[in-house]
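Take a look at the letters that make up each chain.
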Amino acid sequence: MHWYAAAQLSSPETYFQTAAFCLVVAVTLIAVGRHQRRTGRSIFNPDRPVRVAGVLLPEAPPSKGKRVTGRFYFFLGCFLIFGVVVNVINGIRASRG
């Protein structure tokens, strides 16, 4: 009748390690997403002005696609926060019994 009640829980350490990893990835994605959404420039390839033969070339204007990508990173990071909460709850349940 209650087949889900018989599910075997993992060790609490596994849940807490997974929650810590998800938290690190979520914070990184949120920071990268906020930076890219705010500036329109990627954190990995920032499109800085370049000096060629003593002449400063202007930087490319920020694109709308980069801002959309920043929003995607931000929302993906927020979704991973949900995974952190679920893993912490399961870790507490596994440590109790």
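Scroll up to find the structure this text is about.
Remember, it's a predicted structure, so these values are computed and weren't measured experimentally.

### Section: the packing of aromatic side chains
Link 1 in the chain: For the structure on display, the rule yields three aromatic pairs.
Link 2 in the chain: With centroids separated by 6.3 Å and ring planes inclined at 50°, the aromatic side chains of Phe72 and Tyr73 adopt a geometry described as tilted.
Link 3 in the chain: Looking at Phe72, the relative accessible area reads 53%, which means it is exposed.
Link 4 in the chain: Taking relative accessible area as the criterion, Tyr73 reaches 26% and is therefore assigned partly exposed.

### Digging into helix α2 (residues 64–96)
Link 1 in the chain: In this model, α2 (33 residues) spans 49 Å end to end at C-alpha, consistent with the 48 Å of a helix rising 1.5 Å per residue.
Link 2 in the chain: Among all positions of α2, only Gly70, Phe74, Gly77, Gly83, Val84, Asn87, Asn90, Gly91 and Ala94 are buried.
Link 3 in the chain: The inward-facing, buried residues of α2 contact α1 (12–39).

### Here's the deal with the environment of Lys64
Link 1 in the chain: Considering the arrangement of structural elements, one finds Lys64 in helix α2.
Link 2 in the chain: For Lys64 and Arg37, which are 27 residues apart along the polypeptide, the C-alpha to C-alpha distance reads 9.1 Å.

### Overview of a positive patch on the surface
Link 1 in the chain: Together, Arg34, Arg37, Arg38, Lys64, Arg67 and Arg71 make up a positively charged patch on the protein surface.
Link 2 in the chain: At the level of elements, α1 and α2 are the ones that each hand at least two residues to the positive patch.
Link 3 in the chain: Overall, Lys64 belongs to the exposed group, its relative accessible area being 67%.

### Description of the environment of Thr18
Link 1 in the chain: Note that Thr18 resides in helix α1.
Link 2 in the chain: Looking at Thr18, the relative accessible area reads 32%, which means it is partly exposed.
Link 3 in the chain: Along the backbone, Thr18 and Val88 are 70 residues apart, and their C-alpha atoms lie at a distance of 8.8 Å.
Link 4 in the chain: There is a polar contact of 2.8 Å between the side chain of Thr18 and the backbone oxygen of Thr14.

### Regarding the side chain of Gln36
Link 1 in the chain: Tracing the backbone shows Gln36 in helix α1.
Link 2 in the chain: At 3.2 Å, the side chain of Gln36 forms a polar contact with the backbone oxygen of Lys66.
Link 3 in the chain: If sequence neighbours within four positions are ignored, Gln36 has contacts with Arg41, Ser42, Lys66, Arg67, Thr69, Gly70 and Tyr73.

Cut-offs used in this document
Residues numbered from 1 in each chain as written. Predicted model: local features only at pLDDT ≥ 70, side-chain atom pairs only at ≥ 80, totals over all residues. Heavy atoms only, no water. Phe/Tyr/Trp six-rings, centres within 6.5 Å; stacked < 30°, edge-to-face > 60°. Buried < 20%, exposed > 50% of the residue type's maximum accessible area, 1.4 Å probe, protein only. Helix = DSSP H or I, 4+ residues; strand = E, 2+ residues; numbered from the N terminus. Expected span 1.5 Å × (residues − 1). Contact = heavy atoms within 4.5 Å. Patch = residues over 30% accessible without salt bridge, like charges linked within 9 Å, V, L, I, M, F, W, Y side chains within 5 Å. Areas by Shrake-Rupley, 256 points an atom, 1.4 Å probe, with all protein chains shown as cover. Salt bridge = Lys/Arg side-chain N within 4 Å of Asp/Glu carboxyl O. Lys, Arg positive; Asp, Glu negative; His and termini not counted. Charge placed at Lys NZ, Arg CZ, Asp CG, Glu CD. Polar contact = N/O pair within 3.5 Å; in protein donor to acceptor, adjacent residues only side chain to side chain.

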